[in-house]
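# Structure at a glance
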Amino acid sequence: MTSTQQQMASLDNFKPLLDERADLYSAKKRIEERIKELDEELRPVLMDRGAVIWNGYEFDVKSVQGRTTYDYKKMIEDGIDLGPYKKIGAPSTRFTVKPVQELG
């Protein structure tokens with residue numbers, strides 16, 4: 001038995017959860033793509049029109065000012081020391097799900 005097979009054997013109780021997580025991942029991707037398609041049609045029509053109430057939901061599209069950003073690479077090239085301003089966030093986890101082809 002390979003180490004991968006040994007690791008999966010210890011996850012037998014969690015395989016139904018992994019299946020559900022994969023199904024939800026796929027559904028989320030389909031939903032996000034459909035929302036993007038709908039937004040492309042709806043945004044221009046609803047832009048700055050004010051709130052539209054329909055079927056118990058409020059839809060509102062407003063134009064907003066672009067956010068301010070700073071070119072940190074250029075600052076470093078110009079010799080500005082950004083070290084004293086550096087902050088590092090708390091550690092976190094990253095949960096990655098992606099479809100793969102299984103060989104039988």
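Scroll up to find the structure.
First, a word on scope: everything that follows refers to the structure included in this document. Since we're looking at a predicted model, the values are computed, not measured. (Residues numbered from 1 in each chain as written. Predicted model: local features only at pLDDT ≥ 70, side-chain atom pairs only at ≥ 80, totals over all residues. Heavy atoms only, no water.)

As a further point, take the overall build of the protein chain. Secondary structure assignment for the protein chain yields three helices and two strands. Scanning the protein chain from its N terminus toward the C terminus, one meets helices and strands in the order α-α-β-β-α. For 104 residues, the compact-globule estimate of 2.2 N^0.38 gives 13 Å, and the protein chain exceeds it by more than 25% at 23 Å. Dimensions of the protein chain along its principal axes, counting C-alpha atoms only, are 60 × 55 × 25 Å. Evaluated residue by residue, the protein chain yields a buried proportion of 3% over its 104 residues. For the protein chain, the exposed surface amounts to about 10,700 Å²; the carbon and sulfur share of it is 54%. The average position of the 17 basic charges and that of the 18 acidic charges among the side chains of the protein chain differ by 4 Å. (Helix = DSSP H or I, 4+ residues; strand = E, 2+ residues; numbered from the N terminus. Rg over C-alpha atoms; globule rule 2.2 N^0.38 Å. Buried < 20%, exposed > 50% of the residue type's maximum accessible area, 1.4 Å probe, protein only. Areas by Shrake-Rupley, 256 points an atom, 1.4 Å probe, with all protein chains shown as cover. Lys, Arg positive; Asp, Glu negative; His and termini not counted. Charge placed at Lys NZ, Arg CZ, Asp CG, Glu CD.)

The next thing to look at is the pattern of salt bridges. Considering all chains together, one arrives at six salt bridges under this definition. With its nearest N and O atoms 4.0 Å apart, the salt bridge here joins glutamate 32 to lysine 28. Here the residue glutamate 32 and the residue lysine 28 both occupy positions in helix H2 (residues 15–46), the gap between them amounting to four residues, near one helical turn. Glutamate 32 gets classed as partly exposed once you look at its relative accessible area, which sits at 38%. (Salt bridge = Lys/Arg side-chain N within 4 Å of Asp/Glu carboxyl O.)

Before going further, it helps to spend a moment on a nonpolar patch on the surface. Taken together, the side chains of Leu11, Phe14, Leu17 and Leu18 define a hydrophobic patch exposed on the protein surface, amounting to about 360 Å² of accessible area. Here leucine 11 lies in the loop between helix H1 (3–9) and H2. Judged by its relative accessible area of 33%, leucine 11 is partly exposed. (Patch = residues over 30% accessible without salt bridge, like charges linked within 9 Å, V, L, I, M, F, W, Y side chains within 5 Å.)

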